Amino acid sequence: MVNSVIAGLTSGGGYALLGLCVVLTYRLVAVVNFAMTAVGAMGAFVMVSLTDKGLNVWPALLIGAATAALLSGLLGAALVRWFAGHRERTKAAVTVALYVALTAIGLRLFGGNSTGAHRFPSPFADPVFTVGGVVVPQSVLVSLGFALLITLAVGLMLTRTRLGLKLQALSERPSTAEVVGIPAPRLAVGVWAGVGAITMLVIVLVAPRLGGDYATLAGLISTALAVAMVGAFRSLPLTLAGGLILGCLEGLSSSLSSIQKYQGVVPFLVILVLLWWRSRREVWDTAHSR
Amino acid sequence: MKRTYTTAAAAALAISLTAAGCQSSGGSDGPIKVGSINGITGLFQTPEVPKAVKAVFDEVNAAGGIGGRKLELVSKDDAMDPARASQAARELIKSEGVVAMAGSSSAVDCGLNRATYGKEKIVSIPAVGVDPSCFTSPNIAPVNPGPYALTTAMLYYASETLKRDKVCIDYTVLPGSGGGIENAIKEWTNLTGKSLAHKNLAVGQGDPTRYLVADKNAGCQAVLYNATVAPWFAQARTQGMQNVDFLLAANSYTDANAKVIPADMNAYAGTEWQPYTDPTLPGNERWAKLVDENGIQKTAFSQGAVMAADVFVQVLKSIKGDITRASVTKAFKDMKPINYPMAGSPWVFGPGGEHSPIKGSQFVKADRGGWKVLPGGFTVPTKK
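Because the structure is predicted, anything quoted here is derived from the model rather than measured.

In this section: helix α3 (residues 57-83) of chain A. Residues and elements named next belong to chain A. For α3, with 27 residues, the first-to-last C-alpha span of 37 Å sits near the 39 Å given by 1.5 Å per residue. The complete set of buried residues in α3 reads A60, L61, G64, A65, A68, A69, S72, G73, L75, G76 and L79. Check the buried side of α3 and you find it contacts α2 (36-52), α4 (88-110) and α8 (184-210). The opening residue of α3 is N56, an N-cap whose side-chain oxygen sits 2.9 Å from the backbone nitrogen of W58.

So this is what it looks like as structure tokens:
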């Protein structure tokens, strides 16, 4: 059982990265982005389609990241242009609609992948060390390192830089930020595009381990949201921890034959338990603050 | 005035279509309409299947048809959507008046439409049977062994041919199919007296490391697997499982998958017919010639399509008198077994309450980016 938990931990780095992307979008532009992984997967599949056609991996990676950035930027622009004054839930609903549309389009364009039609490059597959009976490959360390880097860099940027201050202002009070001279719409679209490109890179990093199916990769949003929930959509370090915890829970649930069949429910259970835990002291009509 | 013409033309078209629908359900002239439900879009895609069935029908039509009547295939795409699959069956039977279903390849057709086929007294000969109902219904008899008979054959191959003591299974099971796989495992235990060292029928999406670690802990020497290939083998290699024999189910037997299996890993695949990657094998010459001439993708599914169409035509040719739904159903229920060299056992429909005529599997091994056919022919599980 311990080995299974460690095995689960190996996917935790990837989950943490996805959760961090959700938290980042929420903290910077105040939108729960359900379309995030679908957009990232679209970029990843553009890349794979190009490498399958013989293009070198680096320009393909660049084009894929640019595609995801463009798609995400367009979504951001639409939200800024048409939904700026709307509530968070309306904006979230827009991203849900986009998730459904993108998943349908992605499946149609790229199909299922049990036939092995698309191949993601896997540069970090070599083993590094062994814990218990589990061999830990480079990709686990790369995911964890990337997650730590995002946690630290974004944390420092938000608290120590002028850009960070502007971004925080943009997220807290977009209209006031604009009045005091912060170019809110441009900044917001920039954030959307940036998160789109980062998500694409994360998807490319986790795809060789998680399976190259468009629906599988786009569906990672449920795991990402569960992870973000651990950090209450605010705390980057807690989100990082959330990814690792969720990985361990998955490993544990697959090792117990009595609950094996229900392991897909793990992210939703985490969301439910956290929602209940966080709202246990709230009373009706209390103003909810972000 | 123009509008009147359009309306009149539409009405005329509607009337002629209705008349055609009424005529074709049992008349003795006009084309013999044959239905099929295929996954063309959606998660289970087999676009090559109706093309290959049509190619066989075209060949028969070019040679004068059956009793002077042409064969006409009416294929409907169900997009793996239950509502569309039920609707397709109703349309084919009621509006199109098909005499039988031949060459279906849908993940949901059998389970949803078995009652309809029974009520309408129509037979279905799927090219690719997927869900358990395809193999347990009185009016359906596929031409493939299907995932259940194939699982028994794969277990048998692992324990009896490869002589592995600790055989394990890691499967992704479609909803409603779990019982079928459990029965397949029981069948293997009945035949060999052996039992599994480890079983997981809930392999989900995501990082496969946790499943592979469980296999390592159980000491598995052979593992049956039926889901996405590339991440599985990449992680198995990382976990140092080069000495384990992995047996892949027929859905993973593709050219693309052979290329993603690392050279130092042992990967076998159980095929449903003679391996399609070697067109010179018995029965494959005809299939290869037909798909080549018609520009159809070479896949195992297209083998099923050609076989389903061929056995269908052979039974139709044996009918004396009018070819109607009733006479076709009777011919299939009364037919003699057909030896088709592409399959592991003779194919027969017959009068029984359930039909799973094709048994056994040929085995191939991943070798330098392709598949090598293993000696020994079809492995048909028998009592030890």
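A few words on the sheet that holds strand β5 (residues 167-170) of chain B. Residues and elements named next belong to chain B. Taken in spatial order, the seven strands make up an open sheet running β6-β5-β7-β8-β9-β10-β11, and their pairing is mixed. The open sheet has two free edges, formed respectively by β6 (198-200) and β11 (370-373), since each of these has just one partner strand. If you compare each strand with its neighbour and ignore which way they point, the axes differ by 25° on average. Of the strand pairs in this sheet, strand β8 (residues 245-248) and strand β9 (residues 266-271) are connected by four bridges, and their pairing is parallel. Its bridge partner being in β9, L247 is matched across the sheet by Y268.

Another aspect to go through is the interface of chain A and chain B. Accessible area lost on assembly of the parts is the figure often given for the size of an interface. Between chain A and chain B, the contact holds 31 residues from the first and 28 residues from the second. Roughly 2500 Å² of surface becomes buried between chain A and chain B when both sides are summed, with 50% attributable to carbon and sulfur atoms. Counting the contacts that link chain A with chain B gives one salt bridge. In this structure, the salt-bridge partner of R210 of chain B is E250 of chain A, at a minimum N-O distance of 3.2 Å. Where chain A meets chain B, there are two residue pairs in polar contact (both at pLDDT 80 or more). Those elements that place two or more of their residues in the side of chain A that touches chain B are α1 (2-29), α4, β2 (134-137), α8 and α11 (236-255) of chain A. In terms of residues, the side of chain A that touches chain B owes the most to one element, α1 of chain A, which gives five residues.

Here we come to the packing of helix α6 (residues 162-172) of chain A against α8 of chain A. All names here are of chain A. Interaxial distance between α6 and α8 falls to 10 Å at its minimum, and their mutual angle equals 100°. The angle between α6 and α8 falls in the class roughly perpendicular. Contact with α6, carried on its side by L163, K166, L167 and L170, involves A184, L187, A188 and V191 of α8 and no other residues of that element.

What follows deals with a nonpolar patch on the surface. On the surface, I259, Y262, V265, F268, L269, L272, V273, W276 and W277 of chain A cluster together into a nonpolar patch covering about 960 Å² of accessible area. As for its position among the elements, L272 of chain A is in helix α12 (residues 266-278).

So, on to the pairing of strand β7 (residues 222-225) of chain B. Residue and element names in this part refer to chain B. Side chains A222 and L224 of β7 all project onto a buried face; the interleaved residues V223 and Y225 project onto the opposite face, where all are buried too. In the sheet, β5 pairs with β7 via four bridges, with the strands oriented parallel. In the strand pairing of β7, I169 is matched with L224. As defined by bridge partners, β7 adjoins β8 across four bridges and the pair is classed as parallel. When the bridges of β8 are listed, V223 appears paired with F246.

Cut-offs applied
- Residues numbered from 1 in each chain as written.
- Chains lettered and ligands numbered in written order.
- Predicted model: local features only at pLDDT ≥ 70, side-chain atom pairs only at ≥ 80, totals over all residues.
- Heavy atoms only, no water.
- Helix = DSSP H or I, 4+ residues; strand = E, 2+ residues; numbered from the N terminus.
- Expected span 1.5 Å × (residues − 1).
- Buried < 20%, exposed > 50% of the residue type's maximum accessible area, 1.4 Å probe, protein only.
- Contact = heavy atoms within 4.5 Å.
- Polar contact = N/O pair within 3.5 Å; in protein donor to acceptor, adjacent residues only side chain to side chain.
- Pairing = 2+ DSSP bridges.
- Axes fitted to C-alpha atoms, helices over the stretch in contact; angles between N-to-C directions.
- Buried area = accessible area lost by both parts, 1.4 Å probe.
- Salt bridge = Lys/Arg side-chain N within 4 Å of Asp/Glu carboxyl O.
- Parallel < 35°, antiparallel > 145°, perpendicular 65-115°, else oblique.
- Patch = residues over 30% accessible without salt bridge, like charges linked within 9 Å, V, L, I, M, F, W, Y side chains within 5 Å.
- Areas by Shrake-Rupley, 256 points an atom, 1.4 Å probe, with all protein chains shown as cover.

Nothing here speaks to function; it is geometry throughout.
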